[in-house]
Amino acid sequence: MSEEFFWWTDDQKAIYKDVRQFVDENFEEAEEYFWNTKFPWPLVKKVAKKGYFGAGVPKEFGGLELGATGSCIVSAQLGRLYAVGHVFTVSMLAGLEQVLRFGTEEQKQKWLPKIASGEELGALCITEPFAGSDAANVFTTATKDGDEWILNGKKRFITGAGVSDRYFIYAKTSDEKDVRKQYGHITAFVVEKGRPGFSLEKINPLIGFDNVPNGYIDFDHVRIPDSNRIGAVGNGWNVMMAGLNFERLIGAGVFSGLFEDVINLLFHFTRRRVQFNKTTNQFPSVQDGIAEIITMAKVSRLYTYHCAKLLDDGKEPMVEASIAKMINTEYARDIGLKAIQILGGDGLTKFLPAERILREAKIGEIVAGTTEVQKMIIYRFSAMLPFYNKPVRLRWNENVNAPIISKKESTFKGLSITEENVLKVIAHDYKINPGLYMTPNDVREDIGGSRSELRKIFELLEEQGLIIIHRDRSGKTALVKATYDGLQEAFPKEYYQWFPDWYENADKF
Ligand SMILES: Cc1cc2nc3c(=O)[nH]c(=O)nc-3n(C[C@H](O)[C@H](O)[C@H](O)COP(=O)(O)OP(=O)(O)OC[C@H]3O[C@@H](n4cnc5c(N)ncnc54)[C@H](O)[C@@H]3O)c2cc1C
């Protein structure tokens, strides 16, 4: 588990060793803050002194320039210190990618060294009482007044609320319907603690994140200079999206380091716990459970760093970042549950960290986009990938007298585009895919012709009751299928019949 990946740079390998040692040395101190439910300020300062907050910040702005991979390495290790890991992660996420990609040179000079130094913490403020998964539905407003903006509204569930000095927020700058439709109604800003009218409203008592403040913040006519605006007015959605792949990845990575400690604990514990005169590690169910945890830990680690490499190579791994976020948090939940089961009653006590992982994992499945939202992204973006959108056509194969997946041309190709021939193509498809419709493109691929020519013929065939057209919401022909009358019109009954060799003729009718 502790192996470095071969594609890591020497600097990334070096930071891995360094931060592991740092975590090992400071583990006990982090536990004391957990037990006392105290925000671990002195530890956060130590992390800052080590320069870890600058993992993803370029060197010219005071960072370590270790990319998404380096940021993941650090967050995965600091995640072993629980609160410290979460605060570290959020602070880095609160502006790093956004300022790097959308900030002016002046803004980069101002904000990036602050992020890198970690002397002041940052918070990321997207969520509001009425804007959760639907992050574009922000109610917080920003109104321009000369060279300043006036902010009004509330944000909630903000990790690091109160302890942070820098709040990266998204506010509504337009109410126009057309602008909203294009997601052009949001603008990104940085708001510093201490601005008049900016206050902390509430700290949430949560299932986990025991010593990480999470709360509501309130903007009551808060004035900020235009220089605190990141990106163009109305470009906030793009600023938010630019940061999201990185955020999901780092937010996922923070769990992956913990798994190693759980495996360690389980080996240690089950070699020392005796029941029925055997150490519990001899029970097959315990071995199965540990094997499953090791598998999840290894898959999580590999996938996390695969995704990080894609980001470092300049790709936009939308699907991969969502998968990383989803599997890491689901694995964390499963690992927590399995670890508790293996540890028995001891696993349910706060003396061992298994119950804590379970609680934090549940947060992980909701924060930074719920698992359902990640699945929505994985589905929608994958559906657009050409890789997954190659046609899988079955064609009738005379040699085996059955439909098989084939790249061959249809036997109808080249026939004249008449109602009769188009109906034959559609009816023939019943023989191959009795329960499926054809897309207009399938028909076109089979017989040729232009889209408009085929569209007209589909309508004529529909009028005669020979085909059914399934239309999309805009009324366009999406799918076609022969009706019972259409099948009879196109071919004799025998054309559609098919029996396996073993089937007795006497039983056919
Ligand atoms: C501990 C913690 C820390 C957080 N930290 C931050 C932070 O630092 N900054 C920040 O801005 N936010 C933060 N959040 C907010 C977090 O990102 C949101 O809670 C999350 O995006 C879900 O929004 P919601 O809670 O309003 O749930 P809702 O959006 O109301 O969702 C409720 C349920 O409906 C489902 N659902 C919603 N829409 C769909 C859909 N289209 N399809 C299918 N299912 C759907 C969801 O999956 C969920 O199961 C934090 C939350 C927690 C709990």
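Everything that follows concerns the structure shown earlier in this document.
Now for a quick tour of the structure. (Residues numbered from 1 in each chain as written. Predicted model: local features only at pLDDT ≥ 70, side-chain atom pairs only at ≥ 80, totals over all residues. Heavy atoms only, no water.)

All right, on to the environment of Asn505 then. Of note, Asn505 is situated in the segment after α17 (484–490). When the C-alpha atoms of Asn505 and Gly132 are compared, they prove to be 64 Å apart, with 373 residues separating the residues in sequence. (Helix = DSSP H or I, 4+ residues; strand = E, 2+ residues; numbered from the N terminus.)

Turning our eyes to something else, we now look at helix α8 (residues 236–270). Taking 1.5 Å of rise per residue, the 35 residues of α8 would be expected to cover 51 Å, and the 51 Å separating its terminal C-alpha atoms lies within 8% of that figure. At Leu244, α8 shows its maximal kink, close to 35 degrees. A large share of α8 lies buried, amounting to 28 of its 35 residues. (Expected span 1.5 Å × (residues − 1). Bend = angle between axes of the 7 residues up to and from the residue. Buried < 20%, exposed > 50% of the residue type's maximum accessible area, 1.4 Å probe, protein only.)

Lining the immediate surroundings of the ligand are 19 residues, of which Leu124, Thr127, Ser133, Phe157 and Thr370 lie closest. Here a nitrogen atom of the ligand and a backbone polar atom of Leu124 are 2.7 Å apart. At a separation of 2.8 Å, a nitrogen atom of the ligand approaches a polar side-chain atom of Thr159. Relative to its free-state accessible area of 970 Å², the ligand is covered by the protein chains to the extent of 66%. Breaking the shell around the ligand down by element, the ones donating at least two residues are β1 (122–125), β3 (148–159) and α13 (371–383). Among the elements that take part in the shell around the ligand, β3 stands out by supplying three residues, more than any other. (Near = heavy atom within 4 Å. Polar contact = N/O pair within 3.5 Å; in protein donor to acceptor, adjacent residues only side chain to side chain. Areas by Shrake-Rupley, 256 points an atom, 1.4 Å probe, with all protein chains shown as cover.)

One pass over the structure, following the stated rule, counts 36 salt bridges. Where Asp18 meets Lys50, a salt bridge forms, and the shortest distance between an N and an O atom there is 3.5 Å. Placement of Asp18 in helix α1 (residues 10–35) and of Lys50 in the loop between α2 (41–49) and α3 (67–78) is noted, with a sequence separation of 32 residues between them. Residue Asp18 is classed as partly exposed on the basis of its relative accessible area of 31%. Classification of Lys50 by relative accessible area gives partly exposed; the value is 38%. In this structure, Lys172 engages Asp175 in a salt bridge whose closest nitrogen and oxygen atoms are separated by 3.1 Å. You can call Lys172 buried: its relative accessible area is 12%. Looking at Asp175, the relative accessible area reads 56%, which means it is exposed. Shared partners join several salt bridges into a network, and the residues in it are Arg393, Arg395, Asp442, Glu445 and Asp446. (Salt bridge = Lys/Arg side-chain N within 4 Å of Asp/Glu carboxyl O.)

Another point: the packing of aromatic side chains. Think of a pair of aromatic rings as described by two things: how far the centres are apart, and how the planes are tilted against each other in angle. Under the defined criterion, the tally for this structure stands at 25 aromatic pairs. Between Trp35 and Phe351 the ring centres are 5.7 Å apart and the planes differ by 20 degrees, which places this aromatic pair in the stacked class. Taken together, the residues Trp35 in helix α1 and Phe351 in the loop between α11 (345–348) and α12 (354–364) connect sequence positions 316 residues apart. Since its relative accessible area comes to 45%, Trp35 is described here as partly exposed. Residue classification places Phe351 among the exposed residues on the basis of a relative accessible area of 68%. Here the aromatic rings of Phe157 and Tyr216 are separated by 6.5 Å at their centres, their planes lie at 50 degrees, and the arrangement is tilted. Residue Phe157 is found in strand β3, and its partner Tyr216 is found in strand β7 (residues 214–225); the two are separated by 59 residues along the sequence. Among the residues examined, Phe157 registers a relative accessible area of 41% and is labelled partly exposed. For Tyr216, a relative accessible area of 12% translates into the label buried. (Phe/Tyr/Trp six-rings, centres within 6.5 Å; stacked < 30°, edge-to-face > 60°.)

Before going further, it helps to spend a moment on the nonpolar core. By size, the foremost hydrophobic cluster in this structure holds 69 residues, and its most contacted members are Leu78, Phe168 and Tyr170. Excluding residues within four positions of it along the chain, Leu78 makes contact with Val19, Phe22, Val23, Val47, Val84, Gly85 and Phe88. Core analysis: the next-biggest nonpolar cluster, separate from the first, contains 27 residues, Leu265, Ile293, Ile327 and Leu343 among them. (Core = buried A, V, L, I, M, F, W, Y, C linked by side-chain atoms within 4.5 Å. Contact = heavy atoms within 4.5 Å.)

A full pass over the atoms with the stated rule returns zero disulfides. There is no disulfide at Cys72, and the cysteine sulfur nearest it, in Cys307, is 7.6 Å away. For Cys307, a relative accessible area of 0% corresponds to the buried category. (Disulfide = S-S within 2.5 Å.)

Running from N to C, α3 and helix α9 (residues 284–312) cross one another at 145 degrees; their axes reach a closest spacing of 7 Å. Note on element contacts: α9 touches α3 through Thr304, Tyr305, Ala308, Lys309, Leu311 and Asp312, opposite Gly67, Ala68, Thr69, Cys72, Ile73 and Ala76. Among the residues forming the contact of α3 with α9, the class breakdown is seven nonpolar, three polar and two charged. (Axes fitted to C-alpha atoms, helices over the stretch in contact; angles between N-to-C directions. Nonpolar A, V, L, I, M, F, W, Y, C, P; charged D, E, K, R; others polar.)

Let us now look at the environment of Met240. With respect to the helices and strands, Met240 occurs in helix α8. For the pair formed by Met240 and Glu292, sequence separation is 52 residues and the distance between their alpha carbons is 36 Å.

Take unusual backbone geometry next. Leaving glycine aside, a negative phi is the common case for residues, and trans is the common case for peptide bonds. Of note, Ala368 is a non-glycine position whose phi angle comes to about 55 degrees, a positive value. Note that Ala368 resides in the loop between α12 and α13. Overall, the relative accessible area of 42% leaves Ala368 in the partly exposed class. For Asn401, which is not glycine, the phi torsion reads 50 degrees and is therefore positive. Within the secondary structure, Asn401 sits in the loop between β11 (394–397) and β12 (402–405).

Let's shift gears to the environment of Asn36. Relative to the assigned elements, Asn36 resides in the loop between α1 and α2. The exposure class assigned to Asn36 is exposed, which follows from its relative accessible area of 53%. Spatially, the C-alpha atoms of Asn36 and Ser117 are 27 Å apart, while their sequence positions differ by 81 residues.

Before going further, it helps to spend a moment on a nonpolar patch on the surface. Taken together, the side chains of Phe157, Leu206 and Ile207 make up a nonpolar region of the molecular surface, amounting to roughly 260 Å² of accessible area. In this fold, Leu206 is placed in the loop between β6 (198–203) and β7. Here Leu206 falls in the partly exposed class, since its relative accessible area comes to 36%. (Patch = residues over 30% accessible without salt bridge, like charges linked within 9 Å, V, L, I, M, F, W, Y side chains within 5 Å.)

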